[in-house]
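Each chain is listed here by its residues.
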Amino acid sequence: MLLRTVFATALISTLAMATASAETAKASFKNAEGASVGSAELVQVNDGVLIKLALKGLPPGGHAFHVHAVGKCEAPFTTAGGHFNPANKKHGMMASDGHHAGDMPNLDVPANGELKLEVLNTGVTLAKGAPNSLLKPDGTALVIHATVDDYKSDPAGNAGGRIACAVVEP
């Protein structure tokens, strides 16, 4: 019995350390008026970065969701730069030679303006120093656009204006 207890305690400690050592980041979304419209928790996983969104107060309907190349969110959020694209790919999930690392699936916000969703981006990492790291020296931002991404028009998918922005922070 004592051996089982010691083993169980060691296993729990190992799992706790593995969870604690996982690369994580966070981001807080603001709209153009500066009001909070949600948050994101980012977690490094084997296949990329899992982005856990909790959004509120957004207009209902379809919205493009991208990683942008600069960690700055001053309305109208053009300060966030273009899409995060360390491999110099064309825009769009349908691009024949691959898409920007910042391209992600559209969001569909329900009538109440609240959405909880998890998105896996396999083109990015939270590993500092990697060329595709979201934690690069000048930062990155998560941006929600006014309309949907058509997944093919370069450079930004005809996604409309930027309605919410969040700086990715360690």
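The following paragraphs examine the structure supplied in this document. (Residues numbered from 1 in each chain as written. Predicted model: local features only at pLDDT ≥ 70, side-chain atom pairs only at ≥ 80, totals over all residues. Heavy atoms only, no water.)

This paragraph deals with the state of the cysteines. As enumerated under the stated definition, the model contains one disulfide in all. Two residues, Cys73 and Cys165, share a disulfide whose sulfurs are 2.0 Å apart. Where Cys73 bonds to Cys165 through sulfur, the torsion about that S-S bond is close to -60°, and the disulfide is left-handed. Of this pair, Cys73 sits in the loop between strand 5 (65-68) and strand 6 (107-109) while Cys165 is found in strand 9 (residues 162-167), placing the two residues 92 residues apart along the sequence. On the basis of relative accessible area, Cys73 is assigned to the partly exposed category, the value being 25%. (Disulfide = S-S within 2.5 Å. Helix = DSSP H or I, 4+ residues; strand = E, 2+ residues; numbered from the N terminus. Buried < 20%, exposed > 50% of the residue type's maximum accessible area, 1.4 Å probe, protein only.)

The next subject is the environment of Glu118. Examined against the element boundaries, Glu118 turns out to sit in strand 7 (residues 115-121). Apart from the residues within four sequence positions on either side, Glu118 is in contact with Leu50, Ile51 and Lys52. (Contact = heavy atoms within 4.5 Å.)

The sheet contact formed by strand 1 (residues 24-31) and strand 2 (residues 36-45) spans seven bridges and is antiparallel. Along strand 2, the bridge assignment pairs Lys26 with Glu41. Here strand 1 folds back onto strand 2 in antiparallel fashion, the turn holding four residues, of which Gly34 has a positive phi close to 90°. As defined by bridge partners, strand 2 adjoins strand 3 (residues 48-55) across eight bridges and the pair is classed as antiparallel. (Pairing = 2+ DSSP bridges.)

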